[in-house]
Structures are given as C-alpha cells and as structure tokens.
Amino acid sequence: MSLREVPASASDTPTPSPTLVRAIDSHTEGEPTRVIVAGGPDLGHVPLAERRERFRREHDAFRRAVTLEPRGSDALVGALLVAPTDSSCDAGVIYFNNVGYLGMCGHATIGVVATLARMGRIGVGPGKLETPVGIVAFDYLGDGRVRFSNVPCRRFRKDVAVTLEDGRTVSGDIAWGGNWFYVVHEHGETLTFDRLETLLATTRSIRRALVREGVTGDAGAEIDHVELAEPDPSGVAHKRNFVLCPGGEYDRSPCGTGTSATLACLADDGKIAPGELFRQRGIVGGIFEGSVQPDGAGGWIPTIAGSAFVTAETTLHFDPLDPFRTGIRS
Ligand code: PYC
C-alpha cells in the first residue's frame, strides 16, 4: 500500500473542525518560524514543561500537520503561543519542529517577538517570554530587530573526539545553549554555502558517531545539534558556523542556541570577556550579535540579537478528506 493510499485515522485529526488555526510566518536571518497565534491545542493552565508533555502525548498530530510537508518544511520551527503562568510575561511559547519539541530556540524567539510586535501585542522596549526551560527576557528594538537573554548556558565537556565512519576524527566541546550541542572546532571542513551537501553529510555522520560512541550531554541527554565552527575569513564576524538541527536539516540562521553554546565555551576558555561583543555568521550569511555575563553558578547568560521579517499571515486548513493533512511521514 502506498503512502497516498494510507487512510487517515480519526486520531490523526490535528484539530476539531471547524476550528480555524491562525499562523504568522517569519524568517530570522533566513531560518523560518511559524507562530500559531489562534486555534492551537488547549493544553490547560499548568507549567509550560507540563504543557509541552501534554502537547507531545495528546496532540502530536497537530505538530506534524503544522511542520511537515505539504503544509510545512523540514527547516520550519513551530511556536505555539499560550497564556503564561507568570503574569509578568507577555506570552508563553512552546517550540516544536519536524521531529519533536525544543526546550528553547533562539531564531524562533526572535521570530516570536517580531510576530508579537506585528500583532500589536508589544511595542519597542523590554518584555518576557515563558518557555518550558525558563523565562527569556527580550528587548524589541523595532523594525524586526530583537535582543534576548537566553537561559543559563554552560560547557559540559571540553575537547571530546569522535571517529566517523570514513575514519576521520573530529574534536569539539559539549555545551548546553538551551539545547544540547556538540560544538566542533577541529573538523577539516570549509564552511561555505556551496559545500552544503558535504557539510550535511559530515554533520549527519558526526551525529551518528555521537550515538555510536555513547557521547551525551549531562545525565545521558541526547546531543541533537551539531555545530561546525571556524574563524570568519571575511572579518565581518568573529566566527562562521554550520548547524545540523535534530530533524536532519541545517539552520539557515547562525542559530541562537548554538551561538549561546559557542559563547559559553569561548567564555570558559577566557577567549571572550563578559560584555565583549561577538558576531557569528550563519551559513547563508545572516549575522547574530552576542555577548555573555556570568550567571553566578559557573555558567553564562548569553544575550543574542538578530532580525526577523514576517512573510505571511495565514489560516491553516485541515481538510478531513486530505490524506496528508497531518503531514508526509517517511
Ligand atoms: O536558533 O536556537 C536556534 C535554533 C535551533 C534550531 C533551529 N534554530
């Protein structure tokens, strides 16, 4: 039976008809975000980490319907706007992608803030978002420009080597930037966009090596982001990077949580001082600016700035007759 012939089951219905799901799409330095502003699943008014688990358990078809083709794409990060439990926050947000749920997402945070500005829910100035991994303070600077302070970030292990299937050895640091990263500094690659297929193949192979060799984050946490980094030869930025995301796609932006993980490693090594400006260039050319401050517990609070642009304001339709209404799955 081909995928086209697989009947869609009732449990796959992502939203009860005739609910309208309203979304605002944007991109942050090239990386897309789809914010669900109305009609998303009701997850109750419990802490956001619990709501994320309920989303995963009871409404995963909604995640797939929003992010997978034909409605979404593997590069897309979804952001469900919810009411915060902390009334000092402007909104609560749960991030998700083509394979699951993210604790935090830097480019999507910038996209969410630009979206809230577009909706007239915030103006220029400071604000706060509640996420499943903590409260994120932001400053909306106007014209889509956003600066946010990430959750506390830290390096977990330094100079960890793994061996790829082709015999190459690469070496890097394991760090928490709001997601778990393997920040690879010895990789033998040149990080240019024309080498996209090679960079994807190498980072996917590194990801397999991490699994094969049992290399994890703290308490056995899966390292689901791989970041290759090198000094930026153009001099426009301090470093340029290439980031493989959990679902096998690459981050078009310089990756907010990846830049945070990089900053934590640089700060631990004394290569960047608290408050010193750092620029990271992504693989398609976008730039994030960042800096760190000590968090008082041995880690670092990164501040990241970048720009997002709204690309669409849409109503999503989930036709019960559409066999692919909850996405195309492999
Ligand atoms: O900007 O943190 C980020 C991010 C993670 C995955 C895609 N973008």
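Now for a quick tour of the structure.

Cut-offs applied
Residues numbered from 1 in each chain as written. Predicted model: local features only at pLDDT ≥ 70, side-chain atom pairs only at ≥ 80, totals over all residues. Heavy atoms only, no water. 1 Å grid on protein atoms, 1.4 Å probe; cavity = no way out; pocket = protein on both sides within 12 Å on 5 of 7 lines; lining within 4 Å. Points joined across faces, edges and corners; volume = space filled by probe spheres on them. Helix = DSSP H or I, 4+ residues; strand = E, 2+ residues; numbered from the N terminus. Nonpolar A, V, L, I, M, F, W, Y, C, P; charged D, E, K, R; others polar. Phe/Tyr/Trp six-rings, centres within 6.5 Å; stacked < 30°, edge-to-face > 60°. Buried < 20%, exposed > 50% of the residue type's maximum accessible area, 1.4 Å probe, protein only. Core = buried A, V, L, I, M, F, W, Y, C linked by side-chain atoms within 4.5 Å. Contact = heavy atoms within 4.5 Å. Near = heavy atom within 4 Å. Areas by Shrake-Rupley, 256 points an atom, 1.4 Å probe, with all protein chains shown as cover. Sits in = over half its atoms within 2 Å of the grid points. Pairing = 2+ DSSP bridges.

**A closer look at the layout of surface pockets**
The computed volume of the largest pocket comes to approximately 290 Å³. Considering the residues around the largest pocket, the lining is formed by 18 residues, among which Tyr101, Leu102, Gly103, Asn179 and Asp224 are closest to the centre. Of all the elements in the fold, those that place two or more residues in the lining of the largest pocket are helix H1 (48–58) and strand S5 (101–102). Its residues assigned to classes, the lining of the largest pocket comprises eight nonpolar, five polar and five charged. Taken as a whole, the second largest pocket encloses approximately 230 Å³ of empty space. Only strand S9 (154–163), strand S11 (180–186), strand S12 (225–231) and helix H5 (256–268) provide two or more residues apiece to the lining of the second largest pocket. Residue composition of the lining of the second largest pocket, by class: five nonpolar, two polar and seven charged.

**So, the packing of aromatic side chains**
Remark: the centre distance and the inter-plane angle together describe each pair of aromatic rings, the angle taken between the planes. This structure, assessed with the given rule, holds eight aromatic pairs. An angle of 50° between the planes, with centres 6.3 Å apart, marks the rings of Phe55 and Phe62 as tilted. Residue Phe62 is classed as buried on the basis of its relative accessible area, which comes to 1%. Seen in terms of ring centroids, Phe193 and Tyr250 are 6.4 Å apart; in terms of plane orientation they differ by 55°. Their pairing is tilted. Here Tyr250 lies in the loop between strand S13 (239–244) and H5 and Phe193 lies in the loop between S11 and helix H4 (196–212), a separation of 57 residues in the sequence. Phe193 sits in the partly exposed class, given a relative accessible area of 41%.

**Focus on helix H2 (residues 60–67)**
When you tally the buried positions in H2, you get seven out of eight residues, the bulk of the element. Listed in full, the buried residues belonging to H2 are Ala61, Phe62, Arg63, Arg64, Ala65, Val66 and Thr67.

**So, the nonpolar core**
Membership of the largest hydrophobic core comes to 61 residues, with the highest contact counts inside it found for Tyr95, Val112, Leu129, Tyr182, Ile206 and Phe242. The dominant element in this core, judged by the number of residues it contributes, is helix H3 (residues 106–118), at seven residues. Those residues in contact with Ile206, other than ones at most four positions away along the chain, are Leu164, Val170, Tyr182, Val184, Val226 and Leu228.

**A short note on the site of the ligand**
Close to the ligand lie Glu31, Cys105, Gly106, His107, His225, Cys245, Asp251, Cys255, Gly256 and Thr257. Relative to its unbound accessible area of 240 Å², the ligand is 99% covered by the protein chains. Here the ligand occupies the largest cavity. Secondary-structure elements contributing two or more residues to the shell around the ligand are H3 and H5. Residues that form the shell around the ligand fall into these classes: three nonpolar, five polar and two charged.

**Here's the deal with the pairing of strand S10 (residues 169–176)**
Residues in a regular strand project their side chains so that they alternate between the two faces of the sheet. Where burial is concerned, most of S10 is hidden: seven out of the eight residues are buried. As judged from the seven bridges shared by S9 and S10, these two strands associate in the antiparallel manner. Of the residues in S10, the one forming a bridge with Thr163 is Thr169. From the end of S9 to the start of S10, which pair antiparallel, there are five residues, and Gly167 there has a positive phi angle of about 95°. Taking the residues between adjacent antiparallel strands as the criterion, S10 and S11 are bridged by three residues, where Gly178 takes a positive phi near 105°.

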